[in-house]
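# Architecture at a glance
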Amino acid sequence: MSARSGIGYDSHRFAEGRRLVLGGVEVPGAERGLIGHSDADALTHAVIDALLGATGLGDIGQHFPDTDERWRDADSIALLREVCGSLGEHGWTVLHVDSTVICEAPKLAPHRDAMRARLAETIGIAPLDVNVKFTTNEGMGFVGRGEGIAALANATIERR
Ligand code: MG
């Protein structure tokens, strides 16, 4: 048996008139959403990069380039599903994902369980094996100024 881990990081800028989608969950009543070529789901993008990192398959930009019209407004959960498929083809299974979302507002904790459930169902593991944490940046930097949201993730995978 071999086991590996990978890290992922992503950030997206806030914009008016966009949906706020994190971990595949649309945050209801959010005044602003995140802008990007896809649905700008920074948490799911960080998880994808952690899984690609663990598998040794590069990064999200290589697999889903933002210059490709196929991925415009893409549902990031569908991208995660595709990445889990290639991971499986390489003989890997996912053991655990941990993540942190860094955001000043809105409060995301009420949506934690929904995000865990959505990510876990997509990856094919139990919600208890997908941890989602939230923190602020104490008013510092671009997150502190409310310009955007950042996310970090770590994934552990194994191959028998
Ligand atoms: Mg991204």
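What this report covers is the structure whose coordinates are included nearby. (Residues numbered from 1 in each chain as written. Predicted model: local features only at pLDDT ≥ 70, side-chain atom pairs only at ≥ 80, totals over all residues. Heavy atoms only, no water.)

## A short note on helix α4 (residues 112-123)
For an α-helix the count is 3.6 residues per turn, leaving residues at separations of three or four pointing the same way. For α4, which comprises 12 residues, the first-to-last C-alpha distance of 16 Å matches the rise-based estimate of 16 Å (1.5 Å per residue) to within 8%. Restricting attention to buried positions, one finds in α4 the residues Met115, Arg116, Leu119, Ala120, Thr122 and Ile123. Looking straight down α4, one finds that the buried residues subtend no more than 165° of arc, so they occupy a single side. Among the exposed residues of α4, those pointing more than 90 degrees away from its buried face are Asp113 and Glu121. (Helix = DSSP H or I, 4+ residues; strand = E, 2+ residues; numbered from the N terminus. Expected span 1.5 Å × (residues − 1). Buried < 20%, exposed > 50% of the residue type's maximum accessible area, 1.4 Å probe, protein only. Arc of directions from axis to C-beta.)

## Here's the deal with a nonpolar patch on the surface
On the surface, Tyr9, Phe142 and Leu152 cluster together into a nonpolar patch covering about 270 Å² of accessible area. Looking at the secondary structure, you find leucine 152 in strand β7 (residues 148-159). Taking relative accessible area as the criterion, leucine 152 reaches 38% and is therefore assigned partly exposed. (Patch = residues over 30% accessible without salt bridge, like charges linked within 9 Å, V, L, I, M, F, W, Y side chains within 5 Å. Areas by Shrake-Rupley, 256 points an atom, 1.4 Å probe, with all protein chains shown as cover. Salt bridge = Lys/Arg side-chain N within 4 Å of Asp/Glu carboxyl O.)

## Here's the deal with the pairing of strand β5 (residues 93-102)
Pairing of β5 with β7, which is carried by nine bridges, proceeds in the antiparallel orientation. Looking at the pairing, threonine 100 lines up with leucine 152 of β7. Following the backbone out of β5, through α4 and into the adjacent parallel strand β6 (residues 130-135), one traces a crossover that is right-handed. (Pairing = 2+ DSSP bridges. Right-handed = clockwise from strand over helix to strand, strands pointing away.)

## Some words on the pattern of salt bridges
Where charged atoms from two side chains of opposite charge approach closely, those side chains can pair. For the coordinates displayed, the defined rule picks out seven salt bridges. One salt bridge in this structure joins glutamate 26 and arginine 19, with 3.1 Å as the shortest N-O distance. The partly exposed category is assigned to arginine 19, whose relative accessible area is 46%. Between glutamate 158 and arginine 160 there is a salt bridge, and its shortest N-O distance comes to 3.3 Å. Under the relative-accessibility criterion, arginine 160 is labelled exposed at 78%.

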